[in-house]
Amino acid sequence: MHNLSTAAGYHSFVKEIILYSSLIITESPFKFKNSNNMATKKAKKATKKVAKKATAKKAAPKKAARKKAAAKKAAPKKAAPKKAAPKKKVARKPNAAFMKALTPSTDLAAVIGNQPVPRTEAVKKIWVYIKSNKLQDAKNRRMINADAKLKPVFGGKSQVSMFDMAKHLSQNLK
C-alpha cells in the first residue's frame, strides 16, 4: 500500500497507475494504428510531470529557509510611513424626490392632516395611525384592517396588504 498522506507516496501511487494503464493499453486485443506509441508517449509525459512537481515541492522549502536567513541578516527597516487620517463621514443627503412636499387628498387628510408632507412622512403617519388604533390583523400581520377613515384611502377595501398600502397612498398624494 502507498502512504497517500505524503507527497512522495502520492506521486509513486500516480506513477504506478500510469504504468499499469499504459500496459493495459499496449496489451489490448484491439489494435489501433499507432496505439502503442501514443500510450507510451502519454505515460512518459505524465511521469515527467509528476517528477517535476515532486522536485519543485522539495525545492520550495529550501528557498523559504534561505529567504528567512537573509531577512535575519538584513538591517532592520525604518518604521512604516504613517497612514493618512481617516476621512470624516459626511451626512447623507436625502433624495430631493422623497423630500418633496405632497398635498394629501381629503380622504387621506382625515388620517394624517391636511398640510403638505413628504411621502416618507405620510407613510410614517399612517403607520402611527394603524398602530395606535390596532388595525394590523392579529393572525396575518401583513394585512391592515381598514376602519371608517382608512376605507376611502384604501379604495373601499376592508383589508389591504401593507405592500399595497404604498400604491393606495400614492393615489391620495398629489
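(A) Examining the overall build of the chain more closely. Per the secondary structure count, the chain includes 7 helices and 2 strands. Ordered by position from the N terminus, the helices and strands of the chain form the series α-α-α-α-α-β-α-β-α. Sequence-distant contacts, at least 24 apart, represent 30% of the contacts inside the chain between residues at least 6 apart.

(B) View of helix H5 (residues 119-132). With 14 residues, H5 should cover 20 Å at 1.5 Å per step; its first-to-last C-alpha distance of 20 Å lies within 8% of that length. Those residues of H5 that are buried lie in contact with helix H4 (106-112), strand E1 (143-145), helix H6 (150-153) and helix H7 (162-171).

(C) Just the nonpolar core, in detail. Within the largest apolar cluster, 19 residues are counted, with the highest numbers of intra-cluster contacts made by Leu108, Ile112, Ile126, Ile130, Leu150 and Phe154. For this core, the element with the highest residue contribution is H5, accounting for 4 residues. Residues contacting Leu150, with those up to four places away along its chain left out, are Val111, Tyr129, Ile130 and Leu135.

(D) Quick look at unusual backbone geometry. A positive phi angle is found at Lys134, which is not glycine, with a value near 50 degrees. Looking at the secondary structure, you find Lys134 in the loop between H5 and E1.

(E) Structural context of the packing of H5 against H7. Direction vectors running N to C along H5 and H7 enclose 125 degrees, while the axes themselves pass 11 Å from each other. Our classification of the angle between H5 and H7 gives oblique. The way H5 lies across H7 gives a crossing that is right-handed. Contact residues: Arg119, Ala122, Val123, Ile126, Trp127 and Ile130 in H5; Met162, Met165, Leu169 and Ser170 in H7.

(F) A look at the environment of Asp107. Here Asp107 is to be found in helix H4. Distance from Asp107 to Lys151, taken between C-alpha atoms, is 8.9 Å for residues 44 residues apart in sequence.

(G) The pattern of salt bridges, seen in detail. Tallied over the entire structure, the rule returns 1 salt bridge. Residues Lys124 and Glu121 are paired through a salt bridge, measuring 3.7 Å at the closest nitrogen-oxygen approach. You can see Lys124 and its partner Glu121 sitting in helix H5, 3 residues apart, about one turn around the helix. Residue classification places Lys124 among the exposed positions, given a relative accessible area of 51%.

(H) Expanded view of the environment of Lys157. With respect to the secondary-structure elements, Lys157 resides in the loop between H6 and strand E2 (159-161). Along the backbone, Lys157 and Asn145 are 12 residues apart, and their C-alpha atoms lie at a distance of 8.8 Å. Ignoring sequence-local partners within four residues, the contact set of Lys157 consists of Ala146, Lys151 and His168.

(I) Inspection of the environment of Ala96 at higher detail. Locating Ala96 in the fold gives a position in helix H3 (residues 96-99). For the pair Ala96 and Pro118, spaced 22 residues apart in the sequence, the C-alpha separation amounts to 9.8 Å.

(J) Region of the structure containing H7. Three or more residues of H7 are buried, namely Met165, His168 and Leu169. For H7, the buried positions fall inside an angular range of 105 degrees around the axis, keeping them on one side. Relative to its buried face, H7 has exposed residues pointing more than 90 degrees away, namely Phe163 and Gln171. Considering only its buried residues, H7 is in contact with H4, H5, E1, H6 and E2.

About the criteria used
Residues numbered from 1 in each chain as written. Predicted model: local features only at pLDDT ≥ 70, side-chain atom pairs only at ≥ 80, totals over all residues. Heavy atoms only, no water. Helix = DSSP H or I, 4+ residues; strand = E, 2+ residues; numbered from the N terminus. Contact = heavy atoms within 4.5 Å. Expected span 1.5 Å × (residues − 1). Core = buried A, V, L, I, M, F, W, Y, C linked by side-chain atoms within 4.5 Å. Buried < 20%, exposed > 50% of the residue type's maximum accessible area, 1.4 Å probe, protein only. Axes fitted to C-alpha atoms, helices over the stretch in contact; angles between N-to-C directions. Parallel < 35°, antiparallel > 145°, perpendicular 65-115°, else oblique. Left-handed = near helix turned anticlockwise from the far one by under 90°. Salt bridge = Lys/Arg side-chain N within 4 Å of Asp/Glu carboxyl O. Arc of directions from axis to C-beta.

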